[in-house]
Amino acid sequence: MPSKYRNFRNSVPWLMLSWEAVFIILFYLFFSGVGEIRSNFYDTAFQDVSHMVVFGLGFFLSFLKRYGFSSIGFSLLIVVLGVQWSVLIEGFVFLYGGAKKDDLGSIIKAVVSVTAVVISFAAILGKANPVQLVVMTIVEIAAFHLSRWINKMYLEVADSANMMHVHLFGAYFGVAVSSSFPVPQPGLEKAVSTPTSSLLSVLGTLFLWTFWPSFNSAFAMDKKNDVIYSTYFALAVSAVTAFALSALTTKDGKLSMAHIHRAALAGGVTVGYAAESIKYPWIAMILGLLASVIAILGSHFLQRSLPRAIKIHDVSGVHFTFGLPAVLGALAQIILYII
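Residues numbered from 1 in each chain as written. Predicted model: local features only at pLDDT ≥ 70, side-chain atom pairs only at ≥ 80, totals over all residues. Heavy atoms only, no water.

Draft legend 1. Spotlight on the overall build of the chain. Along the chain, the regular secondary structure elements total 14 helices and 0 strands. From first element to last, N terminus to C terminus, the chain shows the α and β order α-α-α-α-α-α-α-α-α-α-α-α-α-α. Across the 339 residues of the chain, 50% fall into the buried class. By sequence separation, contacts in the chain at least 24 residues apart represent 81% of the contacts at least 6 residues apart. Working note: accessible area of the chain is about 16,700 Å², and carbon and sulfur atoms make up 68% of it. (Helix = DSSP H or I, 4+ residues; strand = E, 2+ residues; numbered from the N terminus. Buried < 20%, exposed > 50% of the residue type's maximum accessible area, 1.4 Å probe, protein only. Contact = heavy atoms within 4.5 Å. Areas by Shrake-Rupley, 256 points an atom, 1.4 Å probe, with all protein chains shown as cover.)

Okay, here's the thing in structure tokens:
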């Protein structure tokens, strides 16, 4: 057996089992007296958000030839570890902060929170080993909850908008982590895709596109239908714009699925912040158009110079797929709040 496999067997399984033992003990200590688990209106949202995160993001990251199956497997590992850790942190807030506890709602918040880690994983796909991924999951979930707490306590951000900054946080946390890894050489075998892996990745995009309205509306109360309505129109316009700009920016005038793969989701990311503040569908449509333009033009003009300029290599382009559209959404929320 090669040495790297012996190291994997001696470190990774024991690390994961150790964390799981810690989680079980903490759940026993802090959740033994919470009473019966309640069933409520979150049931449908829980299914949709889970499908989006597990299937959508899992297949979304399967575009590399060498890491197609690994990306699906490790994304599931990140989700199941991160959800348990996030629920524990929510429990700590409940016990010591006086927050109202909702059992199933805390799981949905945990699944949404762990989305940030999966997005960060996309930026370092094929670079980080399993031990690094487990450590990143634990650290990032804690950092994300700290950021949420600061937003809620000092900036008085509503919980629905507070959870939706998951895209912004995950994208730039992943870009920051990628700075600790070397920039791979162009044309390297590890960075090559195949038709099969690209097809699976597009399948993940379709899953994400379909379930994104439910994702954005998971924490909306009175305006749930309005959020779904706005998100769908933003996604529709961003997809149409992605097809149009892809044909305009490629050398041969053909459609690039890499562009569509990134920009078709940009509208959903952008309106996640401001969906409850959007009164008319044309506002969501404009945001979807601008988000798609930013995603495609950003990847077309900046991706070639960004690694050389700041020594950061974003494997999956999360900076353009999630980061910049999220910045646009945050600015849109501020403008809509003011007017």
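Draft legend 2. Focus on the confidence of the model for the chain. Considering every residue of the chain, the mean pLDDT works out to 81; 84% of them sit at 70 or more. Confidence, read as mean pLDDT per element, is least for helix H13 (residues 306-310) in the chain (55) and greatest for helix H7 (residues 166-178) (91). (pLDDT = per-residue confidence, 0-100.)

Draft legend 3. Up close: the environment of alanine 242. Looking at where alanine 242 falls in the secondary structure, it is placed in helix H9 (residues 224-249). On the accessibility criterion, alanine 242 (0% relative accessible area) is buried. Ignoring any residue separated from it by four or fewer positions in sequence, one finds alanine 242 in contact with Ile260, Ala263, Ala264, Ser292 and Ile296.

Draft legend 4. Spotlight on a nonpolar patch on the surface. Residues Val327, Leu331, Ile334, Ile335, Tyr337, Ile338 and Ile339 make up a contiguous nonpolar surface patch of about 810 Å² in total accessible area. By the element assignment, isoleucine 335 lies in helix H14 (residues 318-338). (Patch = residues over 30% accessible without salt bridge, like charges linked within 9 Å, V, L, I, M, F, W, Y side chains within 5 Å. Salt bridge = Lys/Arg side-chain N within 4 Å of Asp/Glu carboxyl O.)

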